[in-house]
Amino acid sequence: MFASKAFAAASATSPLALDTINRREPGPHDVQIDILFCGICHSDMHFVRNEWSDVFPATYPAVPGHEILGRVARIGPEVTKHKVGDIVAVGCLVGSDMTCPACQAGLENFCANATMTFGSVDSFGTAPTTYGGYSETIVVHEHFVLRVPPGLDLAGTAPLLCAGITTYSPLRRFGVGPGRKVGIVGLGGLGHMGTKIARALGAHVVVFTTTPAKADDARRLGADEVVISRDANQMRAHAGTFDFILDTVSADHDLNQYMALLRLQGNLTLVGAPPRPLALSAFSLIFGNRNLSGSNIGGIPQTQEMLDFCAAHAITADVEVIAIQQVNEAYDRLLRSDVRYRFCIDMASLRNG
Ligand code: NAP
Ligand code: ZN
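What counts and how
Residues numbered from 1 in each chain as written. Chains lettered and ligands numbered in written order. Predicted model: local features only at pLDDT ≥ 70, side-chain atom pairs only at ≥ 80, totals over all residues. Heavy atoms only, no water. Pairing = 2+ DSSP bridges. Helix = DSSP H or I, 4+ residues; strand = E, 2+ residues; numbered from the N terminus. Axes fitted to C-alpha atoms, helices over the stretch in contact; angles between N-to-C directions. Buried < 20%, exposed > 50% of the residue type's maximum accessible area, 1.4 Å probe, protein only. Donors = N, O, S within 2.8 Å, 3.2 Å for Na, K, Ca; no water. Patch = residues over 30% accessible without salt bridge, like charges linked within 9 Å, V, L, I, M, F, W, Y side chains within 5 Å. Areas by Shrake-Rupley, 256 points an atom, 1.4 Å probe, with all protein chains shown as cover. Salt bridge = Lys/Arg side-chain N within 4 Å of Asp/Glu carboxyl O. Disulfide = S-S within 2.5 Å. Polar contact = N/O pair within 3.5 Å; in protein donor to acceptor, adjacent residues only side chain to side chain. Near = heavy atom within 4 Å. Nonpolar A, V, L, I, M, F, W, Y, C, P; charged D, E, K, R; others polar. Domains from an automatic or database assignment. Buried area = accessible area lost by both parts, 1.4 Å probe. Expected span 1.5 Å × (residues − 1).

**Considering the sheet that holds strand 12 (residues 225-228)**
The strand order across the open sheet built from 6 strands is 12-11-10-13-14-15, with neighbouring strands paired in parallel fashion. Two strands lie at the open edges of the sheet, namely strand 12 and strand 15 (291-294), each paired on one side alone. Strand-to-strand twist of the sheet, defined as the mean angle between neighbouring strand axes without regard to direction, takes the value 20°. Bridge count for strand 11 (residues 204-209) against strand 12 is 4 bridges, and the pairing is parallel.

In structure tokens, the structure reads:
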């Protein structure tokens, strides 16, 4: 084991603060990564504040962070996929049993024995739970370490590891492309990636935002149209016209008003994970044979496909790079939807701080 500096929360009500955690020595198939950048996902905040206590209870100390970009520092003797010095990335998953039908299908995210990057039992016994990317280093089995195509801005690439794959996966699953009218609800970290990716896939993209000041940005990011969702007239104008809507909202909101915008048999997919249940009228589904789905990040092969797709289309996240000492302030701003459009921590601030 070796020690690594990290930012951790000691309880659901504590701010994140400097701490020291243990990482395991790299095993035969492990890659040790010096973390350069880590994006701040709203899930980090839901988790450390224990807002998902029913389904994913937090344990403390909690070290969040699953949008990890770094440089390979050491490798185990059996590693073939990566070499020392490579720029690599890690997302929400650091382990799975690699034998079950889900793993065999490249859907490690649905493995019953998946190990999440933070908050899972640490099967190596290095620590009570896994610790995420708000840290200097991480040690991960090579299978869960992604190749970063050359030429991408590194800070802007980190958020692809969650916000990118979480939006790419359902957009692909539901055949988003030319001739399809697609809605993106909420212009935050996930929403702005969904907007860029849906545009690159060739769809007609409509962004729904509660923040009128984001309208110009939405168009710059790839929206063909912008709807201020608190304006009932603007919403009504789109009734019954969408093939697909991707809902990225992190808090309680009215799903029914979006279901009404779907065409016959259209689909709304939830990726946003508000802590409390959302109210759904049966008629939102009955009228128009409409469908409501969910989507959970993506498997490792599709995550690599997404990185390669983003490189081919010159897509990265729009990031506000911060020092780790600003992380608590960033969380407060995230809660106010005040992020353009992903905070990304420059980990040099932890190393040198
Ligand atoms: P984020 O950057 O905070 O973006 C969420 C956006 O939702 C905000 O920017 C805001 O957009 C809108 N919003 C916030 N509060 C709202 C409210 N009360 N009513 C209506 N709209 C509201 O968060 P994120 O990192 O993109 O994450 C979004 C959600 O996805 C979180 O719940 C996160 O946990 C979840 N998530 C799920 C997965 C998965 O695998 N399914 C993966 C990652 C994250 P506007 O200002 O444009 O209205
Ligand atoms: Zn995330």
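Picking up after the structure, the text goes on.
**With respect to unusual backbone geometry**
A negative phi angle characterises most non-glycine residues, just as the trans form characterises most peptide bonds. Omega for the bond connecting tyrosine 60 with proline 61 falls within 30 degrees of zero, at 0°, which places this linkage in the cis form. Relative to the assigned elements, proline 61 resides in the loop between helix 1 (42-48) and strand 4 (68-75). The omega torsion of the bond from arginine 340 to tyrosine 341 falls at -10°, within 30 degrees of zero and hence cis. Notably, glutamine 265 is not glycine yet its phi reads approximately 65°, a positive angle. Turning to its location among the elements, glutamine 265 is positioned in strand 14 (residues 262-270). Classification of glutamine 265 by relative accessible area gives partly exposed; the value is 49%.

**Side note on the coordination of the zinc ion (ligand 2)**
Around the zinc ion (ligand 2), the protein supplies Cys41 (SG), His66 (NE2) and Cys162 (SG) as donor atoms, at distances of 2.0 to 2.2 Å. Each donor residue of the zinc ion (ligand 2) belongs to the same chain, and together they define the spacing C-x24-H-x95-C. Of this pair, histidine 66 sits in the loop between helix 1 and strand 4 while cysteine 162 sits in the loop between helix 3 (154-157) and helix 4 (163-173), and the two are 96 residues apart along the sequence.

**Digging into a nonpolar patch on the surface**
A contiguous nonpolar patch, built from Phe283, Ile286 and Phe287 and spanning about 340 Å² of accessible area, is present on the exposed surface. As for its placement among the helices and strands, phenylalanine 283 is situated in helix 9 (residues 282-286).

**Examining the state of the cysteines**
Applying the stated rule across the entire model yields 0 disulfides. This cysteine, cysteine 100, is not joined by any disulfide, and cysteine 103 carries the nearest cysteine sulfur, 3.7 Å off. In this structure cysteine 103 comes out as buried when scored by relative accessible area, which is 9%.

**Let's talk about the environment of glutamate 51**
For glutamate 51, the position within the fold is in the loop between helix 1 and strand 4. Of note is the side chain of glutamate 51, whose polar atom sits 2.6 Å from the side chain of histidine 46.

**Some words on the site of ligand 1**
If you check the shell around ligand 1, you find 30 residues, and the closest are Thr209, Thr210, Thr211, Lys214 and Arg342. Side-chain polar atom of lysine 214 to an oxygen atom of ligand 1: 2.7 Å apart, as the coordinates give it. At 2.9 Å, a backbone N or O of valine 271 approaches a nitrogen atom of ligand 1. For the shell around ligand 1, the secondary-structure elements that each account for two or more residues are helix 1 and helix 5 (189-200). For the shell around ligand 1, the per-class residue count stands at 11 nonpolar, 16 polar and 3 charged. Domain assignment of the residues forming the shell around ligand 1 places at least three in each of domain 1 (2-160 + 319-352) and domain 2 (163-294).

**Details of the domain arrangement of the protein**
By domain assignment, the protein separates into domain 1 (2-160 + 319-352) and domain 2 (163-294). In total, domain 1 and domain 2 occlude about 1,200 Å² of area from one another, counting both sides; carbon and sulfur atoms represent 58% of this. For the domain 1 face of the interface with domain 2, the top three residues by lost area are Leu160, Arg340 and Tyr341, together amounting to 49%. At the junction of domain 1 with domain 2, the criterion picks out 1 salt bridge. Linking arginine 340 and aspartate 217 is a salt bridge whose minimum nitrogen-to-oxygen distance equals 3.9 Å. Summed over the shared surface of domain 1 and domain 2, the result is 9 residue pairs in polar contact (both at pLDDT 80 or more).

**A few points about helix 5**
For helix 5, spanning 12 residues, the distance from its first C-alpha to its last is 17 Å, which sits close to the expected 16 Å at 1.5 Å a residue. Across the 12 residues that make up helix 5, a large majority, 10, are buried. Residues of helix 5 that are buried include every one of Gly189, Leu190, Gly191, His192, Met193, Gly194, Thr195, Lys196, Ile197 and Ala198, and no others. Just downstream of helix 5, glycine 202 is the residue with a positive phi angle, here 95°.

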